[in-house]
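# Report on the structure
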Amino acid sequence: MNIPKSSFPRIVIIGGGFAGIALAKKLSKQEVQVILLDKNNYHTFQPLLYQVSTGGLEPDSIAYPIRKILKDFPNFYFRLADVEEIDTNKNKVLTNIGSLKFDYLIVASGSKTNFFGNTEIEKHSMAMKTIPQSLNLRSLILENFEDALLTSDLNERNALMNFVIVGGGATGVELAGALAEIKKGILPKDYPDLDTRMAQINIIQSSDCILKGMSEKASAKAEDFLEKLGVNIWKNIRVTNYDGKTVTTNTDLSFEAATVVWAAGVKGATIKGLEAEDYTTRGSRILVNKFNQIKGFNHIFAIGDIACMATEEFPHGLPMMAQPAIQQGSLLGDNILKLIEKQPMTSFVYKDKGAMATIGRNKAVVDLKTFKFQGVFAWFVWMFVHLFFLIGFRNRMVVFVNWVYNYVRFDREARLIIRPFKKKHQV
């Protein structure tokens with residue numbers, strides 16, 4: 001990998017997400033050698049992926065080069081690599097570009113879509129965890145409307161304009177709201193010779209409410225917002241299969257749809273060497289203690305989505321969101337330095353800053369510790385928070401300008417089929 005030898009302790013970080021970047025920043029000016037490995041050369045602001053999928057933003061406005069984030073940090077090295085295995089006996093990371101020894105290792109590999117073992121659903125549905133996946137979904141949505149123009153078969157046309165979103169969490173709700181606004185304000189202008197009123201947007205949720213992790217008030221208000229936008233919400237229904245044409249459920253209900261977005265869950269992106277049951281728990285997350293150390297190791301850590309730190313409030317691990325990842329990464333930077341100096345480390349305590357979701361234009365729900373609110377003010381708060389956490393001044397300005405333009409013009413300029421995408425089995 002051409003990493004120079006150093007007298008400083010070598011700290012290897014796997015993953016350039018929220019957790020990995022927060023940790024690298026914390027160690028940036030310390031007397032340690034930091035090496036960050038990621039299969040992409042950019043950090044992705046995942047909360048806005050749904051806007052890339054629906055043409056609201058271009059991908060470069062929510063991505064930022066990792067090298068640029070850490071370019072002024074001494075003793076920092078980035079390598080574009082796919083980590084294949086961790087050899088805990090030899091303290092070595094094995095990648096597609098070679099192997100690398102470490103003194104301290106931090107696994108911040110994040111999460112991936114969880115299809116719960118259903119290979120048919122995985123094969124035919126669309127995920128939305130990465131920028132390439134979001135671009136594929138954007139192309140598929142637009143291509144389906146183009147195909148709907150060409151067919152005279154009414155059932156086929158309706159299926160091409162039928163969207164099924166499996167999962168009523170923040171991802172599913174925000175995507176459904178964006179699609180509903182496209183149906184209302186953009187499709188009639190783009191496709192005047194197509195009856196876009198026939199387009200259907202469906203959310204299928206296995207439990208009795210959407211936004212399950214938020215308050216009952218937020219859930220009820222979000223449902224009200226979506227229904228007013230024309231979104232169909234199907235609760236207490238579980239999807240059992242999707243063959244590329246028909247969505248089947250555990251009831252008599254089924255859907256003919258060309259586009260199914262799977263937003264029903266995620267699991268830890270484990271790496272060979274730490275994927276055994278001795279290390280992992282529910283959802284393929286790696287068990288860690290209060291210092292984020294992996295069970296059985298003092299010098300190997302896990303942070304962010306991949307880490308399962310059970311607490312009294314969160315017995316199955318902290319929420320797989322940005323805030324726990326950022327907080328864990330920041331504290332671990334201090335703790336590794338304390339470990340090197342043989343000083344006692346500080347226990348991690350999660351500071352819950354609340355949760356929020358947007359349901360389109362002037363509609364959002366926000367749950368803070370002591371204050372819960374919905375509507376226009378919540379929407380402005382949601383925008384401010386997301387702009388604040390975007391990396392890079394340019395990205396903040398581009399996203400802000402896009403939002404203002406889209407709001408004033410009721411438009412989404414990025415509805416472009418840049419990279420055509422075809423499923424193997426089309427309706």
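Below: a short report on this structure. By convention here, each chain's residues receive numbers from 1 onward along its written sequence. Reporting in this predicted model follows two pLDDT cut-offs: at least 70 for local features of residues, and 80 or more for side-chain atom pairs to be given and counted; totals over whole chains, interfaces and linings ignore these cut-offs and use all residues. Note that the side-chain values use all heavy atoms of the structure and ignore hydrogens as well as water.

### Some details on the nonpolar core
To be explicit about the condition: Buried Ala, Val, Leu, Ile, Met, Phe, Trp, Tyr and Cys residues that are joined via side-chain atoms within 4.5 Å together make up what is termed a nonpolar core. When a residue's accessible area, from a 1.4 Å probe over protein chains only, is under 20% of the maximum for its type it is buried; when over 50% it is exposed; and in between it is partly exposed. Residue contacts are defined here by distance: any two heavy atoms, one from each residue, within 4.5 Å place the two residues in contact.
The biggest cluster of nonpolar side chains holds 89 residues, and the ones touching the most others in it are Leu-36, Leu-48, Leu-226 and Val-365. Non-local contacts of Leu-36, meaning those with residues more than four positions away in its chain, are made with Ile-13, Gly-15, Gly-16, Gly-20, Ile-21, Ala-24, Ile-66, Leu-70, Phe-76, Tyr-77, Phe-78 and Arg-79.

### Considerations on the pattern of salt bridges
Close approach of charged atoms allows side chains with opposite charge to pair. Note the cut-off: What counts as a salt bridge is simple: a side-chain nitrogen of Lys or Arg found within 4 Å of a carboxyl oxygen of Asp or Glu. Going along the chain from the N terminus, every DSSP run of H or I of four or more residues is numbered as a helix, and every run of E of two or more is numbered as a strand.
If you walk through the whole model with that rule in mind, you get nine salt bridges. Of the charged contacts in the structure, one is a salt bridge between Asp-60 and Arg-394, with a shortest N-O distance of 3.3 Å. In this pair, Asp-60 sits in the loop between helix H2 (49-53) and strand S4 (63-65) while Arg-394 sits in helix H12 (residues 393-409), placing the two residues 334 residues apart along the sequence. Assessed through its relative accessible area of 44%, Arg-394 is described here as partly exposed. In this structure, Asp-411 and Arg-415 form a salt bridge, with 2.5 Å as the shortest nitrogen-oxygen distance. Overall, the relative accessible area of 13% leaves Asp-411 in the buried class. You can call Arg-415 partly exposed: its relative accessible area is 26%. Overlapping salt bridges, with partners in common, bring together Asp-190, Asp-411 and Arg-415 in one network.

### Remarks on the pairing of strand S8 (residues 98-101)
Note the following rule: The pairing criterion for strands is at least two bridges between them, as found by DSSP.
Bridge count between strand S7 (residues 92-95) and S8: four bridges; the pairing is antiparallel. Along S8, the bridge assignment pairs Leu-94 with Ser-99. Hairpin connection from S7 to S8: two residues lie between these consecutive antiparallel strands.

### As for the sheet that holds strand S6 (residues 83-87)
For clarity, the threshold we go by: In this description, a line fitted to the C-alpha atoms serves as the axis of each element, helices being fitted only across the stretch in contact, and the angle between N-to-C directions of two axes falls anywhere from 0 to 180 degrees.
If you walk across this open sheet you meet the three strands as S6-S7-S8, and the pairing is antiparallel. Two strands bound the open sheet, and with one partner strand each, they are S6 and S8. The mean inter-strand angle of the sheet, taken between neighbouring strand axes irrespective of direction, is 20 degrees. Two strands pair when backbone bridges link them, and S6 and S7 are joined in this way by four bridges, in the antiparallel orientation.

### Quick look at the environment of Glu-216
Note that Glu-216 resides in helix H9 (residues 216-228). For Glu-216 and Lys-235, which are 19 residues apart along the polypeptide, the C-alpha to C-alpha distance reads 15 Å.

### A short note on the sheet that holds strand S24 (residues 364-367)
The strand order across the open sheet formed by three strands is S23-S24-S25, and the pairing between neighbours is antiparallel. Because the sheet does not close on itself, it has two edges, and the strands there are strand S23 (355-358) and strand S25 (372-374). Averaged over all adjacent pairs, the angle separating strand axes in this sheet is 0 degrees, with direction ignored. Here three bridges tie S24 to S25, and the two strands are oriented antiparallel to one another. Bridge pairing in S25 places Val-366 opposite Phe-373. With respect to the sheet, H9 is in contact with S24 and S25, its orientation differing from that of S24 by roughly 175 degrees.

### Brief notes about the layout of surface pockets
The rolling of a water-molecule-sized probe over the atoms marks out the regions of remaining empty space. Going by this rule: Within this scheme a cavity is a closed region of a 1 Å grid, computed over the protein atoms alone, that accommodates a 1.4 Å probe without allowing it to escape, whereas a pocket is open but has protein on both sides within 12 Å along at least five of seven lines; lining residues each have an atom within 4 Å of a point. Grid points are joined across faces, edges and corners, and a volume is the space filled by probe spheres set on the points. Basically, the charged four are Asp, Glu, Lys and Arg, the nonpolar ten are Ala, Val, Leu, Ile, Met, Phe, Trp, Tyr, Cys and Pro, and anything else, Gly included, counts as polar.
Volume-wise, the second largest pocket comes out at about 210 Å³. Residue lining of the second largest pocket: Phe-18, Ile-21, Ala-22, Lys-25, His-43, Ile-326, Phe-388, Phe-389, Leu-390, Ile-391, Gly-392 and Arg-396, and that is the complete set. Within the residue set of the lining of the second largest pocket, elements represented by two or more residues are helix H1 (18-26) and helix H11 (376-389). With four residues, H1 is the single largest residue contributor to the lining of the second largest pocket. Along the lines of polarity and charge, the residues of the lining of the second largest pocket split into eight nonpolar, two polar and two charged.

### Considering unusual backbone geometry
Of note in this structure, Asn-75 is not a glycine but carries a positive phi near 60 degrees. Note that Asn-75 resides in the loop between helix H3 (66-69) and strand S5 (76-80). Judged by relative accessible area, which is 29%, Asn-75 ranks as partly exposed. The backbone of Asn-362 sits at a positive phi, close to 65 degrees, despite the residue not being glycine. Tracing the sequence through the fold places Asn-362 in the loop between S23 and S24.

### Overview of the side chain of Thr-249
Applicable threshold: Counted as a polar contact is a pair of N or O atoms within 3.5 Å, where, for protein atoms, one must be capable of donating a hydrogen and the other of accepting one, and residues adjacent in sequence contribute only when both atoms are in side chains.
Positionally, Thr-249 belongs in strand S15 (residues 246-249). Side-chain polar atoms of Thr-249 contact the backbone oxygen of Leu-253, separated by 2.7 Å.

### Section: H12
We count it as follows: Expected span of a helix: the number of residues minus one, times 1.5 Å. Taking the helix axis as origin, the arc is that swept by the directions to the C-beta atoms.
Given a rise of 1.5 Å per residue, 17 residues ought to cover 24 Å, and the 24 Å separating the end C-alpha atoms of H12 matches this to within 8%. Within the span of H12, buried status applies to Asn-395, Val-399, Trp-403 and Asn-406. For H12, the angular spread of buried residues about the axis comes to 70 degrees, placing them on one side. In H12, those exposed residues whose orientation departs by more than 90 degrees from the buried face are Phe-393 and Val-408. Next to the buried residues of H12 lie H2, S4 and H11. Just downstream of H12 lies Phe-410, where phi reads positive at about 50 degrees.

### So, a nonpolar patch on the surface
What counts is decided by this rule: Two joining distances apply to patches: 9 Å for like charges and 5 Å for nonpolar side chains (Val, Leu, Ile, Met, Phe, Trp, Tyr), and every residue must have over 30% relative accessible area and no salt bridge. For accessible areas, the Shrake-Rupley method is used with a probe of radius 1.4 Å. Any residue's cover is judged against the shown protein chains and nothing else.
A cluster of nonpolar side chains, namely Phe-393, Met-397, Phe-400, Val-401, Val-404, Tyr-407 and Val-408, defines an oily patch on the protein surface of about 680 Å² accessible area. Note on placement: Phe-400 falls in helix H12. We classify Phe-400 as partly exposed; its relative accessible area is 41%.

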